[in-house]
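# A closer look at the structure
The lines below spell out each chain.
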Amino acid sequence: MSAANLWEAFSRADLDPDAPALGDLTRRAAVVRVTELAGRLRAQGVRPAEAVGLQGPNQPEWVLGLLALTAVGACPLLLPADSPPAETRRLLRTAGARRTLVADPGEADGAVLRARDGGTDDGLVDDGITGADADSGPAAHASGTLVLVSSGSTGTPKLVARSPRSVLDEGVRYHHAGLARPDDRVLLPLPLSHAYALGWLAGALVAGAHVDPVPPRAVGAVHSRLRERATVLVTVPGLARVLARRRALTEDAPFPALRRVMAGAGYVDAELDALWTRTIGVGVSRNYGSSETGSVLWGDPGLPSGAVGGPMPGVRVDLLDPDGTPLPGQGAAQGELAVVLEDGSVHRLHDLADRDEHGVHRILGRARRGVVRRGARWVSTMEVESVLRAAPGVADVSVTATGPDDSDDQGLTVEYVPADADLAAPARVQAYARAELAPYKVPDSFRPRYRLRRSAVGKAQAAPVYRLARAARPGTTAEQVLAAALTELGLPAGLGHGGTAADLAGTAGLRADVLSPVLDTACALGLLVTDTASAGAPDAWAYSPDVVPAGRALAARVRGEAAGERPVLPGAPAGSPAAEKALRESVEGLLAEAAVDGALLEIGDGGAPPAADAEYGACVVLGGVHGPAAQLGSLAALLRPKGLLVVADAFVHDPLALTDDMSRTTAVRWLVDGHLHWWTTQELRAGLEAVGLRVEESRGAEQQAPYAILVARKPS
């Protein structure tokens, strides 16, 4: 196309200026907003080819900011919205960027330009750092180059530069493939900073379609947009599973305007495709590509597990033999993926793939990480993950290779989150694997974890290295309790040099899955860091003698769990009497509305659930879902068919970013009272689904933070 960049594609004269174009904005209104913001950026000294960070929630304002930076010729660095400040500063330094445009719907002008240190002056500021004074960054880029943060498959962030032409070419692929049409309303509940979302955004802008960005996991917003006749839903496999199980979505299906659901940036299996077809009426299409190339393969619903279809228009996809020579282009083959783009550039994608006789590609995994050589056969870790995700009691799973990359007989290790320590005991998960997989695909070890770290689009991330924060001084009671516990466990000495949870647990004679939530909470409170730039060796922590008993209790509980002890369930959530009363009234109102059929059981005074010797029409758990003694499978077994499980408890929004005193106090209290397992409602939802319950909408306590109510029903 004739446009030179995304801004020219969006503002071209042949498009209807009064048609909806971006969220609730018409194209005319959006063009005015971008023009005004671009003028403000120029007035504040933003120049062509200058690297400027772009960060903010998934809202139309983010897209306006991207278009404005493009209009002035800057090089936008697309920062993940959920990056902690230390990581953001590191990425800015690496890119040589000294300012960040923060897209914020709450600001009067929708965006604010901040210096790298976070300071502002009347909304738009310059931090005074000249090009010569700035930290070293990458080589200079041409005007309008987009710089993406990619985790690749290693979990380590890296920067990838995409020229304006490269991004436009990807958009043209989507348009020419018929995936993005002029009359489409494209719904993007994805991190807009990710390459996958950027490609779809480019496709919609090139096609002249209506783009509707909403926050990731904003299920209610997705539901309302589908009812408002969104035509294309772009998602990732994990979110697609959540959406297809939401009662509100399935009861309103089919959505007459919805013509395509696209899942990319992850492994799509046939089960997910069938789930969407059965519940929503539209199967799941597939998308595959890389940060460097954009999307290069796609396929319609109905493909086998792991298959992603054929090449997108304008690109050539080859399979390479071990020597790097392209295999014949017709017929079945297996090799490393390589693509030739519109500009003639060749990219090796470092993924292994099968191609069948019809030209359909199936991704096996990374050439050195995701595909494991075991004897004379190859094993795809993604395939093994897909199978084990359906194991009873498994809420999340990650499979990795062990041993040298050039070994002919590598090992496989499974890390997984159990929803029930008995139901998903390592021996049981291993037995499931043996029943479902060929012997050479069965992993060697199965390790339960309290959480698997994943990026916003679901990619597994490497275990962090924890270090002492520079000059950390415990201030609040929660910080002091945790500092006392870490001191009691003898960890500060090891933390001075840094180590993973497994390293530190081994030195202290503990278990990594028990110690990890303690270390993560200490990071969220600022006592520890996972960023080497902020690490230090402070003086001994000072804390009040009043917190020592609580710190010792936490340390004793960690040691006890490492030795195999199980604490009793925590009691009902502590809080103000008014809040507790309102929470109980919400639960009672919900039960009255549900018309429970059968006896009612209430659990909330500590202790373990009763034996499943009776079936109840409903079970109410007030508190007590936090801990290994909270066997979600045992709770599910108490219910009769169609029975309800109602969980009312306190949750935090993000356990790795405890931003207020209430969430900090809540998290530390959980650690002291009973090992924290389900930090967020989303994690609890995954655990309940893993034990066979169907989770319905959360309701009743939305205005009673940090409390929430989840309702799950046992299938008939």
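Relevant structure appears above.
A brief look at the structure comes next. Quantities reported herein were computed from a predicted structural model and do not represent experimental measurements.

A word on the overall build of the protein chain. Looking only at helices and strands, the protein chain has 21 helices and 31 strands in total. Out of the 716 residues belonging to the protein chain, those deemed buried represent 54%. Counting only contacts in the protein chain whose residues sit at least 6 apart along the sequence, the fraction spanning at least 24 positions is 67%. Accessible surface, the protein chain as shown: approximately 28800 Å² in total, 50% of it carbon and sulfur.

Let's shift gears to the nonpolar core. Core analysis: the largest hydrophobic core is formed by 99 residues, its most contacted members being Trp-200 and Trp-276. Broken down by element, the residue count for this core peaks at eleven residues, all from helix H6 (residues 195-207). Filtering out sequence-adjacent residues up to four positions away, Trp-276 remains in contact with Leu-233, Ala-240, Leu-243, Ala-244, Val-261, Gly-281, Val-282, Gly-283 and Val-284. Listed in part, the 53 residues of the second largest apolar core include Val-481, Leu-486, Val-558 and Val-652.

Moving on to the side chain of Asp-520. Relative to the helices and strands, Asp-520 is located in helix H16 (residues 512-524). In this structure Asp-520 touches Tyr-450, Arg-451, Arg-453, Tyr-466, Pro-655 and Leu-656, once residues within four positions along its chain are discounted.

Our focus in this paragraph is unusual backbone geometry. Pro-254 follows Ala-253 through a cis peptide bond whose omega is 0°. As for its placement among the helices and strands, Pro-254 is situated in the loop between helix H9 (247-252) and strand E12 (260-263). Despite not being glycine, Ala-49 has its phi angle at roughly 75°, a positive value. Tracing the backbone shows Ala-49 in the loop between helix H2 (27-43) and strand E3 (51-55).

So, on to the environment of Tyr-432. Along the chain, the position of Tyr-432 falls in helix H12 (residues 426-436). Through-space distance from the C-alpha of Tyr-432 to that of Val-442 is 9.5 Å; in sequence the pair is ten residues apart. For Tyr-432, the contacting residues outside a window of four places in its chain are Val-387, Leu-388, Ala-390, Ala-391 and Pro-392.

Below, the discussion takes up the sheet that holds strand E27 (residues 600-603). Read across the sheet, five strands follow the order E27-E28-E29-E31-E30 without closing on themselves; strand pairing throughout is mixed. With one partner strand each, in any of the chains shown, E27 and strand E30 (694-695) form the two edges of the open sheet. Bridge count for strand E29 (residues 639-650) against strand E31 (residues 707-713) is seven bridges, and the pairing is antiparallel. Note that in E31 the partner of Val-647 across the bridge is Leu-710. Running over the sheet, helix H21 (residues 681-690) touches E29, E30 and E31 and is turned about 20° from E31.

The next thing to look at is the packing of aromatic side chains. Applying the stated criterion across every chain, the model contains one aromatic pair. A cation over a ring is seen here: Arg-27 above Phe-10, with NZ or CZ 4.8 Å from the ring centre.

Sheet architecture is open: three strands sit in the order E22-E23-E24, paired in mixed fashion. The two strands at the open ends of the sheet, each matched to only one other strand, are strand E22 (394-402) and strand E24 (445-448). On average, adjacent strands in this sheet sit at an angle of 25° to one another, irrespective of strand direction. Across four bridges, the pairing between strand E23 (residues 411-418) and E24 is parallel. Residue pairing across strands places Glu-415 opposite Arg-447, the latter belonging to E24. Strands E22, E23 and E24 of the sheet are contacted by helix H11 (residues 381-388), whose axis makes an angle of about 155° with E22.

By the alternation rule, side chains of strand E9 (residues 185-188) split into Arg-185 and Leu-187 and Val-186 and Leu-188, which are all buried. Two elements, E9 and strand E10 (residues 210-213), share four bridges in a ladder whose sense is parallel. Within E10, the position partnered with Val-186 by the bridge is Val-211. Note that the unit made of E9, H6 and E10 has a crossover that is right-handed.

Moving on, we come to the packing of helix H5 (residues 164-176) against H6. How two helices sit against one another is set out by the angle between their axes and by the gap between those axes. At a minimum axis separation of 7 Å, H5 and H6 run at an interaxial angle of 70°. As the angle between them shows, H5 and H6 are arranged roughly perpendicular. H6 is crossed by H5, and the crossing has right-handed handedness. In this structure, H5 contributes Val-167, Leu-168, Glu-170, Gly-171, Val-172, Tyr-174 and His-175 to the contact, and H6 contributes Tyr-196, Leu-198, Gly-199, Trp-200, Ala-202, Gly-203, Val-206 and Ala-207. Of the residues belonging to the contact of H5 with H6, the class tally is ten nonpolar, four polar and one charged.

All right, on to the pairing of strand E19 (residues 361-366) then. Along any regular strand, the residues point their side chains to alternate faces of the sheet. Relative to E19, strand E15 (residues 307-311) runs antiparallel, the two being bridged by two bridges. Within E19, the residue paired with Gly-309 across the bridge is His-361. Count of turn residues in the strand E18 (residues 346-355)/E19 antiparallel hairpin: five residues, of which Gly-359 carries a positive phi of about 85°.

Here we take up the pattern of salt bridges. All chains considered together, the criterion is met by 30 salt bridges. Between Arg-241 and Asp-269 there is a salt bridge, with its nearest N and O atoms 3.4 Å apart. With a gap of 28 residues between them, Arg-241 in helix H8 (residues 237-244) and Asp-269 in the loop between E12 and helix H10 (270-279) connect regions that are remote in the sequence. Looking at Arg-241, the relative accessible area reads 14%, which means it is buried. Asp-269 gets classed as buried once you look at its relative accessible area, which sits at 4%. Between Asp-354 and Arg-362 there is a salt bridge, with its nearest N and O atoms 2.7 Å apart.

Procedures and definitions
- Residues numbered from 1 in each chain as written.
- Predicted model: local features only at pLDDT ≥ 70, side-chain atom pairs only at ≥ 80, totals over all residues.
- Heavy atoms only, no water.
- Helix = DSSP H or I, 4+ residues; strand = E, 2+ residues; numbered from the N terminus.
- Buried < 20%, exposed > 50% of the residue type's maximum accessible area, 1.4 Å probe, protein only.
- Contact = heavy atoms within 4.5 Å.
- Areas by Shrake-Rupley, 256 points an atom, 1.4 Å probe, with all protein chains shown as cover.
- Core = buried A, V, L, I, M, F, W, Y, C linked by side-chain atoms within 4.5 Å.
- Pairing = 2+ DSSP bridges.
- Axes fitted to C-alpha atoms, helices over the stretch in contact; angles between N-to-C directions.
- Phe/Tyr/Trp six-rings, centres within 6.5 Å; stacked < 30°, edge-to-face > 60°.
- Lys NZ or Arg CZ within 6 Å of the ring centre and 35° of its normal.
- Right-handed = clockwise from strand over helix to strand, strands pointing away.
- Parallel < 35°, antiparallel > 145°, perpendicular 65-115°, else oblique.
- Left-handed = near helix turned anticlockwise from the far one by under 90°.
- Nonpolar A, V, L, I, M, F, W, Y, C, P; charged D, E, K, R; others polar.
- Salt bridge = Lys/Arg side-chain N within 4 Å of Asp/Glu carboxyl O.

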